[in-house]
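# Tertiary structure, described
Below, each chain spelled out in residue letters.
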Amino acid sequence: MSKVKQHLSSRLNCFVSEFGARMSSTDGKVLYCNYCDVKVGSEKRFNVTQHINTDKHKNFVKRKEKNQNALELGKVQQLVCVVRNLLSLVNVCRSVSIATITIVYSVEVPTCQTLILFCIQPFSHRML
């Protein structure tokens, strides 16, 4: 009994689901390695595993993971910076209230809101 040949697009989609969408993608005709930015031979599963086991591919995976970790670390550091600045603003507000300086009569409420928004705005843009 002869084996039923699988359609090219379904075979490529099987490879993408098996090896992960982060590693590979397809347009229905070609299997593409997202890490190495190359077309991968997809006649047989062996061709794909052979590409994954190359030193070149492994180095690209390590480099991308390292870049991703650095990006995540940068986001965490930005968040820490925002929190520190907000805590500084809270400390200033506490100092003002402890010193019993009443700014309510001398500064309008919308002006205070504008000041707070001005202090926070540059940091919110960095998070985007």
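This section reports on the structure supplied with the text.

The rules behind these values
- Residues numbered from 1 in each chain as written.
- Predicted model: local features only at pLDDT ≥ 70, side-chain atom pairs only at ≥ 80, totals over all residues.
- Heavy atoms only, no water.
- Patch = residues over 30% accessible without salt bridge, like charges linked within 9 Å, V, L, I, M, F, W, Y side chains within 5 Å.
- Areas by Shrake-Rupley, 256 points an atom, 1.4 Å probe, with all protein chains shown as cover.
- Salt bridge = Lys/Arg side-chain N within 4 Å of Asp/Glu carboxyl O.
- Helix = DSSP H or I, 4+ residues; strand = E, 2+ residues; numbered from the N terminus.
- Phe/Tyr/Trp six-rings, centres within 6.5 Å; stacked < 30°, edge-to-face > 60°.
- Buried < 20%, exposed > 50% of the residue type's maximum accessible area, 1.4 Å probe, protein only.
- Disulfide = S-S within 2.5 Å.
- Axes fitted to C-alpha atoms, helices over the stretch in contact; angles between N-to-C directions.
- Parallel < 35°, antiparallel > 145°, perpendicular 65-115°, else oblique.
- Left-handed = near helix turned anticlockwise from the far one by under 90°.
- Contact = heavy atoms within 4.5 Å.
- Nonpolar A, V, L, I, M, F, W, Y, C, P; charged D, E, K, R; others polar.
- Arc of directions from axis to C-beta.

## Here we look at a nonpolar patch on the surface
Taken together, the side chains of Leu79, Val83 and Leu87 define a hydrophobic patch exposed on the protein surface, amounting to about 260 Å² of accessible area. Examined against the element boundaries, Leu79 turns out to sit in helix α3 (residues 55-98).

## Here's the deal with the packing of aromatic side chains
Going through the model one piece at a time under the given rule, you end up with one aromatic pair. On the basis of an interplanar angle of 40 degrees and a centroid distance of 6.3 Å, the ring pair of Phe15 and Phe19 is categorised as tilted. Placement of the pair is Phe15 and Phe19 together in helix α1 (residues 8-19), with a separation of four residues, close to one helical turn. Looking at Phe15, the relative accessible area reads 6%, which means it is buried.

## Let's talk about the pattern of salt bridges
Taken as a whole and judged by the stated rule, the model has one salt bridge. The closest approach of N and O atoms between Arg45 and Glu18, which form a salt bridge, is 2.6 Å. In this pair, Arg45 is assigned in helix α2 (residues 45-52) and Glu18 in helix α1, connecting sequence segments 27 residues apart. By relative accessible area, Arg45 is classed as partly exposed at 45%.

## A word on the state of the cysteines
Taken as a whole and assessed by the stated rule, the structure comprises zero disulfides. There is no disulfide at Cys33, and the cysteine sulfur nearest it, in Cys36, is 3.7 Å away. With relative accessibility at 0%, the residue Cys33 sits in the buried group.

## Looking at the packing of α1 against α2
The interhelical angle for the contact between α1 and α2, taken along N-to-C directions, is 40 degrees, at an axis separation of 11 Å. Here α1 is positioned oblique relative to α2, judged by the angle of their axes. Here α1 runs over α2; the crossing is right-handed. On the side of α1, the interface is formed by Phe15, Glu18 and Phe19, while α2 contributes Arg45, Val48, Thr49 and Ile52. The residue inventory of the contact of α1 with α2, partitioned by class, reads four nonpolar, one polar and two charged.

## Digging into α2
The periodicity of an α-helix, 3.6 residues per turn, causes residues three or four positions apart to be oriented the same way. For α2, the set of buried residues is Val48, Thr49 and His51. Along the long axis of α2, the arc covered by the buried residues comes to 155 degrees, so they all point the same way.

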